[in-house]
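Examination of the molecular architecture
The primary structure of each chain is shown beneath.
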Amino acid sequence: MEETALVHLSKSYTSERLLLRSLKPADIDDAFLSWFQDEDLMRFYTNSRQTHTRESLLQSIEQGIASGTVYVFAIIDRETDACIGTIKVGPINRDHKISDLVVLIGDRRFHGKGLAIEAIRLGNAIAFEEFGIRKLFGGMFETNQSSFKAYTRAGWVEEGRLKGHYLVDDKPVDRILVACFNPAFFPVSA
């Protein structure tokens, strides 16, 4: 596979400190792969026990694109041009125009700087503008307050809770359900 973007966007998506662009095969290097081996980083991901290789990640990304349901974007630090994380839009349900949106700031040097908020806002824009999504949704462990705060500060709202949905150290933990609504479909009332 050549080292070009896997998905082409209609425009550039940037914030003060970040650029969201299509993930390139060259982005998936050893540092990138190490994020998925970091137990502390993966503790809030429900499929964190899965082992990833460069080939398995590329295959998964290509399958998502081919199915037209899942797209992965690189979160780039504009100052260093380094790939510091990913945003996944999908799976997209085209009938209902809804999608999950998952952000991962994998490079720990960029944690605690509010970059997840910027990345989520950019992910919202890509989902709404590129894919015509009317509603984004997601969920997180109740104990993952940093994720909850990032999503709500990026314009998402809590929609509900699934009581005792997860087991963490054999103790039930709620799943917080969050959503973001495309203003083109959900106009803000005056």
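Analysis parameters
- Residues numbered from 1 in each chain as written.
- Predicted model: local features only at pLDDT ≥ 70, side-chain atom pairs only at ≥ 80, totals over all residues.
- Heavy atoms only, no water.
- Salt bridge = Lys/Arg side-chain N within 4 Å of Asp/Glu carboxyl O.
- Buried < 20%, exposed > 50% of the residue type's maximum accessible area, 1.4 Å probe, protein only.
- Helix = DSSP H or I, 4+ residues; strand = E, 2+ residues; numbered from the N terminus.
- Contact = heavy atoms within 4.5 Å.
- Polar contact = N/O pair within 3.5 Å; in protein donor to acceptor, adjacent residues only side chain to side chain.
- Axes fitted to C-alpha atoms, helices over the stretch in contact; angles between N-to-C directions.
- Parallel < 35°, antiparallel > 145°, perpendicular 65-115°, else oblique.
- Left-handed = near helix turned anticlockwise from the far one by under 90°.
- Pairing = 2+ DSSP bridges.
- Right-handed = clockwise from strand over helix to strand, strands pointing away.

- Where an unreviewed UniProt entry is consulted, the protein appears under the name GNAT family N-acetyltransferase, with the organism given as Hymenobacter cellulosivorans.

What about the pattern of salt bridges?
- Scanning the entire structure with this criterion turns up nine salt bridges.
- A salt bridge links D107 to R109, with the nearest nitrogen and oxygen atoms 2.6 Å apart.
- Judged by its relative accessible area of 12%, D107 is buried.
- On the basis of relative accessibility, which here comes to 60%, the residue R109 falls in the exposed class.
- One salt bridge connects E159 with K135, and the closest N-O pair in it is separated by 3.2 Å. Separated by 24 residues along the polypeptide, E159 in strand β7 (residues 157-168) and K135 in strand β6 (residues 135-141) bring together distant segments of the chain.

Focus: the environment of R94
- In this structure, R94 sits in the loop between β4 (82-93) and β5 (98-105).
- Judged by relative accessible area, which is 42%, R94 ranks as partly exposed.
- Beyond its immediate sequence surroundings of up to four residues, R94 is in contact with G68, Y71 and F131.
- Here G68 takes part through its backbone oxygen, which lies 2.6 Å from a polar atom of the side chain of R94.

Considerations on the packing of helix α4 (residues 115-131) against helix α5 (residues 145-153)
- Where α4 meets α5, the closest approach of the two axes is 8 Å, and the angle between their N-to-C directions is 50°. Taken together, the axes of α4 and α5 are oblique relative to one another. Crossing of α4 against α5: the hand is right-handed. Taken together, the residues of α5 that come into contact with α4 (itself represented by A116, I117, I120 and R121) are A150, Y151 and R153.

Some points on the sheet that holds strand β3 (residues 71-77)
- Reading across from one edge, β1-β2-β3-β4-β5-β6-β8-β7 is the order of the eight strands in this open sheet, with mixed pairing throughout. Each edge of the open sheet is held by one strand with a lone partner, namely β1 (13-14) and β7.
- As defined by bridge partners, strand β2 (residues 18-22) adjoins β3 across five bridges and the pair is classed as antiparallel. Across the sheet, residue L19 finds its bridge partner in β3, namely I76.
- Its contacts with the sheet put α4 on β1, β2, β3, β4, β5, β6 and β8 (171-181), and the angle it makes with β2 is roughly 40°.

As for the pairing of β5
- Across the eight residues that make up β5, a large majority, six, are buried.
- By the bridge criterion, seven bridges tie β4 to β5 in an arrangement that is antiparallel. Bridge pairing links G85 to I105 in β5.
- Taken together, β4 and the strand that follows it, β5, pair antiparallel across an intervening segment of four residues, in which K97 is found at a positive phi of about 55°.
- You can see the chain leave β5, run along α4 and come back into β6, and the turn it takes is right-handed.

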